[in-house]
Amino acid sequence: MKLYVSILVMLLCIACSQQQHVVTGYIEGSAPTLFYLESQKQPDDKRFDRYRVVDIIRLETSDDCLLNSVQQVEVVDSLFIVLDYSNKLFVFNKDGHFKNTIGSRGEGPDQYAVISGFYIHNDSSIVILDDYKSCMKEYSLEGRFISSTLVELEDIQNCKQALPMGRHLLLYNWINRNENMAYSVFDLETNQLSGRYFPYGITTNRYLYSFAKHPMAVSDHGIDFILPLCDTIYTYKNSIFQAKFLIKHPWKTAGRHLITPHTKSYNADLYELNRKGFFTGFTSLYETDKHLLLEYKESGCILGFLLFDKSSHQGNAYLYSVSEKTKSLHFSPVIGTTRHYFLSALNSDFARTIGSQIEASNEAERKLKLWASTIKDEDNPCLIIYEILP
């Protein structure tokens with residue numbers, strides 16, 4: 001425990017010395033809970049089959065809602081808020097029918113230029129962080145513009161994801177060419193940054209890099225988050241940072257000193273470290289009420305995940321299946337959660353191929369098999385809802 005206290009206090013001190021805002025948070029030094037892998041399976045035995053497909057939702061396709069590819073899904077009040085890679089937000093109802101977009105891109109006062117990040121405010125509106133216009137724009141769930149708040153550009157300039165906690169926002173920031181902090185806290189009452197935390201210790205050469213697709217998740221006790229080249233899950237609540245979970249695994253974790261200084265390709269560095277047998281940290285964090293899912297890279301390029309039961313603190317390592325030759329709907333890379341379920345997306349081409357050959361052992365798969373003959377290449381993806389079985 002003393003080691004964790006020392007490390008966390010050191011991180012805070014470095015963060016404080018590199019920014020001018022008053023730090024409102026502090027580090028609490030209790031020891032993290034240990035999570036254990038139950039067994040080390042051989043690569044051929046890492047297929048995951050302990051799930052049930054609860055539902056498949058075919059997202060409506062029209063000229064008003066053509067999705068590029070689904071990047072993130074948030075669920076609020078039986079609505080799916082979908083962020084695609086074209087930097088647009090779409091709203092679909094629980095049956096997949098398109099309802100509206102959230103704002104639009106443009107130069108107008110009610111428009112945004114880019115979606116640097118977004119979050120759900122009190123389950124009633126959506127706030128978009130726009131670092132191009134240095135502002136935060138709020139819209140109703142129906143897409144109606146509510147307000148725009150100017151902020152300092154440097155406060156949100158490198159933001160990629162934002163989650164609210166009381167009067168504060170926890171912001172996840174890109175790795176960049178400067179000495180940057182992984183996370184920062186924004187005060188929603190003063191509209192100012194109140195602190196920067198956890199220095200990366202990694203710089204890139206003329207580009208922005210996100211070490212994680214989804215580094216933060218809301219839990220019952222705060223906001224949980226991950227760091228690069230790290231096997232610890234941290235949490236933030238009431239202006240307190242704390243090491244929450246320590247994942248006990250058999251791999252040797254790569255240190256930051258192994259990353260090329262001012263690296264020209266962070267991805268290439270990670271790939272080489274993976275090939276040498278190093279564990280290079282988690283690439284995403286997702287949580288339901290009962291389970292913790294942490295994505296990682298195996299052998300440098302194969303996407304896998306660790307799945308833990310929160311009550312037993314036990315879990316296993318698995319690999320995502322990408323084979324089209326399957327008789328059942330496989331467990332796909334996660335893009336979102338509800339309180340009880342994990343969500344993923346299936347693009348139209350894959351949905352048509354799999355739907356035509358699965359045996360359809362449940363109602364959800366029967367829907368996909370029925371749709372298979374009518375799915376077109378230009379159709380929007382389907383959302384898949386999974387329940388993890390005991």
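See above for the structure.
Because the structure is a prediction, the values reported are computed rather than measured.

Definitions and cut-offs
Along each chain, numbering runs from 1 in the same order as the chain's sequence is written. Confidence filtering applies because this is a predicted model: local features only for residues at pLDDT of at least 70, side-chain atom pairs given and counted only at 80 or more, and all residues used for totals across whole chains, interfaces and linings. Just so you know, side-chain values use all the structure's heavy atoms and leave hydrogens and water out. The helix count covers DSSP runs of H or I at least four residues long, the strand count covers runs of E at least two residues long, and both are numbered beginning at the N terminus. Exposure classes here rest on a 1.4 Å probe applied to the protein chains alone. A residue is buried below 20% of its type maximum, exposed above 50%, and partly exposed in between. Surface exposure here means Shrake-Rupley accessible area, sampled with a 1.4 Å probe, where a residue is shielded only by the protein chains that are shown. This arc corresponds to the set of directions leading from the helix axis out to the C-beta atoms. Contacts are assigned to residue pairs that have any heavy atoms within 4.5 Å of one another. Distance and chemistry together define a polar contact, namely a pair of N or O atoms within 3.5 Å, with one atom able to donate a hydrogen and the other to accept it when in protein, and with adjacent residues in sequence counting only for side-chain atoms on both sides. In this analysis, the protein atoms alone were mapped onto a 1 Å grid. Cavities are point sets where a 1.4 Å probe fits without being able to get out; pockets are open sets with protein on both sides within 12 Å along at least five of seven lines; lining residues have an atom within 4 Å of a point. Grid points are joined across faces, edges and corners, and a volume is the space filled by probe spheres set on the points. Classification used: nonpolar for Ala, Val, Leu, Ile, Met, Phe, Trp, Tyr, Cys and Pro, charged for Asp, Glu, Lys and Arg, polar for all others including Gly. In this description, strands pair whenever DSSP reports at least two bridges between them. Axis geometry follows a simple rule: fit a line to the C-alpha atoms, using only the stretch in contact for helices, then measure angles between N-to-C directions, giving values from 0 to 180 degrees.

1. Let's talk about the overall build of the chain
Part 1 of the argument: A tally of helices and strands in the chain yields 5 helices and 28 strands.
Part 2 of the argument: Counting every position in the chain, which comprises 390 residues, the buried fraction comes to 54%.
Part 3 of the argument: Carbon and sulfur atoms provide 49% of the accessible area of the chain, an area that totals close to 17800 Å².

2. With respect to helix 3 (residues 266–275)
Part 1 of the argument: Those residues of helix 3 that sit buried are Tyr-266, Asp-269, Leu-270, Leu-273 and Asn-274. Projection of helix 3 onto a plane perpendicular to its axis shows the buried side chains occupying an angular sector of 135°, all on one side.
Part 2 of the argument: Each element contacted by the buried residues of helix 3 is listed here: strand 21 (278–279) and strand 23 (291–298).
Part 3 of the argument: Positive phi appears at Gly-277, one or two residues downstream of helix 3, with a value of about 95°.

3. Some thoughts on the side chain of Asp-187
Part 1 of the argument: Residue placement: Asp-187 occurs in strand 14 (residues 181–187).
Part 2 of the argument: Its relative accessible area of 6% is what places Asp-187 among the buried residues.
Part 3 of the argument: Only 2.5 Å separates the side chain of Asp-187 from the side chain of Arg-167, close enough to count as a polar contact.
Part 4 of the argument: Of the polar contacts made by the side chain of Asp-187, one reaches the backbone nitrogen of Glu-189; its length is 2.8 Å.

4. With respect to the layout of surface pockets
Part 1 of the argument: The space that makes up the largest pocket amounts to roughly 940 Å³.
Part 2 of the argument: Lining the largest pocket we find 34 residues, and of these Glu-74, Val-75, Asp-123, Leu-163 and Val-218 sit closest to its centre.
Part 3 of the argument: Of all the secondary structure elements, the ones that give two or more residues to the lining of the largest pocket are strand 4 (70–76), strand 8 (117–121), strand 12 (159–165), strand 16 (216–219), strand 22 (284–287) and strand 26 (334–337).
Part 4 of the argument: Taken together, the residues of the lining of the largest pocket sort by class into 15 nonpolar, 11 polar and 8 charged.
Part 5 of the argument: If you add up the space inside the second largest pocket, you get close to 510 Å³.
Part 6 of the argument: Along its surface, the second largest pocket is lined by 27 residues, and Ser-69, Pro-333, Ala-345, Leu-346 and Asn-347 are the ones closest to its centre.
Part 7 of the argument: At the level of secondary structure, the elements contributing two or more residues to the lining of the second largest pocket comprise strand 4, strand 24 (302–309), strand 27 (342–346) and helix 4 (348–357).
Part 8 of the argument: No other element matches the 3 residues that strand 27 contributes to the lining of the second largest pocket.
Part 9 of the argument: Residue composition of the lining of the second largest pocket, grouped by class: 13 nonpolar, 10 polar and 4 charged.

5. Re the pairing of strand 24
Part 1 of the argument: In the sheet, strand 23 pairs with strand 24 via 8 bridges, with the strands oriented antiparallel. Across the sheet, residue Leu-294 finds its bridge partner in strand 24, namely Leu-306.
Part 2 of the argument: Pairing of strand 24 with strand 25 (residues 314–319) involves 6 bridges; the strand directions are antiparallel. Paired with Leu-306 across the two strands is Ala-317, which belongs to strand 25.
Part 3 of the argument: Here strand 24 folds back onto strand 25 in antiparallel fashion, the turn holding 4 residues, of which His-313 has a positive phi close to 65°.

6. As for the sheet that holds strand 7 (residues 98–101)
Part 1 of the argument: Taken in spatial order, the 4 strands line up as 4-5-6-7 in an open sheet, and their pairing is antiparallel. The open sheet is flanked by strand 4 and strand 7, the only strands paired with a single partner. Going across the sheet, the axis of each strand differs from the next one's by a mean of 25°, ignoring polarity.
Part 2 of the argument: Summarising the sheet, strand 4 and strand 5 (residues 79–84) pair through 6 bridges and their orientation is antiparallel. Across the sheet, Val-75 pairs through a bridge with Phe-80, a residue of strand 5.

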